[in-house]
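Fold and contact review
Each chain, letter by letter, is given below.
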Amino acid sequence: MDITSPSTRIDASSDRPVPDEAAENRWLGLRLRQSRRQRQLSIRELALKTGLSVGMVSQIERGLSTPSLRSLRLLANTLEVPISWFFPDSPQAMAERRYIVRSDQRRRLNVPHVGIVQEVVSPKDPGAIEIYEIILEPGASSGPEAYRHNGEKAGLVLTGMLTIQLDGDQYVLEPGDSFRFPSTLSHRFANPGSAQTRLIWIVLSANVSDHGSRESPSVHSN
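Residues numbered from 1 in each chain as written. Predicted model: local features only at pLDDT ≥ 70, side-chain atom pairs only at ≥ 80, totals over all residues. Heavy atoms only, no water.

Structural notes on the pattern of salt bridges
Cut-off, in case you're wondering: Salt bridges are defined by distance alone: a side-chain nitrogen of Lys or Arg within 4 Å of a carboxyl oxygen of Asp or Glu. Secondary structure is summarised from DSSP: a helix means a run of H or I of at least four residues, a strand means a run of E of at least two, and numbering begins at the N terminus for each. Three labels apply to residues, based on accessible area from a 1.4 Å probe with only protein chains included: buried if under 20% of the type maximum, exposed if over 50%, partly exposed otherwise in between.
Under the defined criterion, the tally for this structure stands at eight salt bridges. One salt bridge in this structure joins Glu61 and Arg33, with 3.4 Å as the shortest N-O distance. Residue Glu61 is located in helix H3 (residues 54-61), and its partner Arg33 is located in helix H1 (residues 21-38); the two are separated by 28 residues in the primary sequence. Summarising the burial analysis for this pair, Glu61 and Arg33 share the class buried. Its salt-bridge partner being Arg36, residue Glu61 comes within 2.5 Å of it at the nearest N-O pair. One end of the pair, Glu61, is in helix H3; the other, Arg36, is in helix H1, with 25 residues separating them in the sequence.

Topic: the confidence of the model for the chain
Here is the rule we go by: Confidence of the prediction at every residue is given by pLDDT, a number between 0 and 100. Whether two residues touch is decided by their heavy atoms; if any such pair falls within 4.5 Å, the residues are in contact.
When the pLDDT values of the chain are averaged, the result is 80; 78% of them are 70 or greater. The low-confidence segment residues 1-5 (pLDDT under 50) makes ten contacts with residues lying over four places distant or belonging to another chain. Note on residues 7-18: pLDDT under 50 across the span, and 16 contacts to partners over four residues away in sequence or across chains.

Concerning the environment of Glu130
Quick note on the threshold: For the purposes of these results, a polar contact is taken to be a pair of N or O atoms within 3.5 Å, where, inside protein, one atom must be able to donate a hydrogen and its partner to accept one; residues adjacent in sequence count only when each atom of the pair is a side-chain atom.
Looking at the secondary structure, you find Glu130 in strand S5 (residues 129-136). Separated by 75 residues in the primary sequence, Glu130 and Ser205 have C-alpha atoms spaced 8.8 Å apart. One polar contact links Glu130 to Tyr132, side chain to side chain, over a distance of 2.2 Å.

Some remarks on the packing of aromatic side chains
Applied cut-off: Working definition: rings of Phe, Tyr and Trp (its six-membered ring) pair if their centres are within 6.5 Å, and the pair is stacked with planes under 30 degrees apart, edge-to-face with planes over 60 apart, and tilted otherwise. Only lysine NZ and arginine CZ atoms are considered, and such an atom sits over a ring when it is within 6 Å of the ring centre and within 35 degrees of the ring normal.
Scanning the model with the defined rule gives three aromatic pairs in all. With 5.5 Å between their ring centres and 55° between their planes, Phe179 and Trp201 make a pair best called tilted. Separated by 22 residues along the polypeptide, Phe179 in strand S9 (residues 178-182) and Trp201 in strand S11 (residues 197-204) bring together distant segments of the chain. For the pair shown, Phe179 and Trp201 are each scored as buried. In textbook terms, an aromatic cluster arises when at least three aromatic residues are bridged by ring pairs, as seen for Phe179, Phe181, Phe189 and Trp201. One residue, Arg73, lies across the ring of Tyr147, its end atom 4.9 Å from the ring centre.

Side note on the packing of helix H2 (residues 43-50) against H3
Helix-helix packing is characterised by the crossing angle of the two axes and by the distance between the axes. Stated precisely, the cut-off is as follows: Helix axes use the C-alpha atoms of the stretch in contact, all axes being lines fitted to C-alpha atoms, and the angles between their N-to-C directions lie in the range 0 to 180 degrees. By definition, any crossing whose near helix is turned counterclockwise from its far helix by less than a right angle is left-handed, and any crossing with a clockwise turn is right-handed. Any residue that is not Ala, Val, Leu, Ile, Met, Phe, Trp, Tyr, Cys, Pro, Asp, Glu, Lys or Arg is counted as polar, Gly included; the first ten are nonpolar and the last four charged.
Two elements in contact, H2 and H3, have axes separated by 8 Å at closest approach and are oriented at 115°. The interaxial crossing formed by H2 with H3 has right-handed handedness. Residues Ile43, Arg44, Leu46 and Ala47 of H2 lie in contact with H3, whose contacting residues are Val54, Val57, Ser58 and Glu61. When grouped by side-chain class, the residues that make up the contact of H2 with H3 number five nonpolar, one polar and two charged.

With respect to the sheet that holds strand S8 (residues 169-173)
Stated precisely, the cut-off is as follows: Any two strands with at least two DSSP bridges between them are considered paired.
Taken together, three strands build an open sheet; the order of strands is S8-S7-S10 and the sheet is antiparallel. The open sheet has two edge strands, S8 and strand S10 (187-190), and neither has a second partner. Looking at each pair of strands side by side, their axes are set apart by 15° on average, direction ignored. Here strand S7 (residues 162-166) runs beside S8; their pairing, made up of five bridges, is antiparallel. Counterpart to Thr163 in the pairing with S8 is Val172.

Focus: the pairing of S9
In S9, alternate side chains face the same way, and those of Phe179 and Phe181 are buried while those of Ser178, Arg180 and Pro182 on the opposite face are not. Note: strand S6 (residues 152-159) against S9, five bridges, orientation antiparallel. The residue of S9 that forms the bridge with Glu152 is Pro182.

Quick look at the sheet that holds S9
Pairing within the open sheet is antiparallel, and its six strands lie in the order S3-S4-S5-S11-S6-S9. If you trace the sheet from one side to the other, it starts and ends with strand S3 (107-111) and S9, each paired once. When strand polarity is set aside, the average angle formed by the axes of neighbouring strands in this sheet is 20°. Pairing of strand S4 (residues 116-120) with S5 involves five bridges; the strand directions are antiparallel.

Below, the structure written as structure tokens:
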């Protein structure tokens, strides 16, 4: 089934096109339903595998709920697709996108109630590495609990402050500071400051060669 990208609307204050949030939710729901059916899973079976409620999965599929990035990570891992698979393609995407991503062609996921904007800055074609630019509003975090999985992560703080917890140890990073760690370490991150934090987040998944899937930044609200 071919699913076209969601539409945009014009921001009256800037005369620039901006994403239609309702359309994006419907598009994401269709992508989720497509992947679930391809794997011959019922909504109940997918809910059991992810640990999400049946009602939540159903609402996401129908475009009635904006999932947290934690929920998207759980869905992506269960369905063996990269989280960026749920990101809508830019309508301006060109043939060069196999190797190049222009700044106005990034796939974007906005979770306003959590205070997170996540953009894929790596090309869409399958590869071992995915690169994201993440904006965290003050207080936004990867959730109240640390998590771990296979793979490796790295990044660079562009603006603001970032705290990273690794196996119980906490580190405070400022602009220009960078990091790299195995994802098997229990980890969590947050913006503890009073201003936005922007960072580059790089993910290398250990199972990419086996499944062609990649981990996400996994920022979430619960």
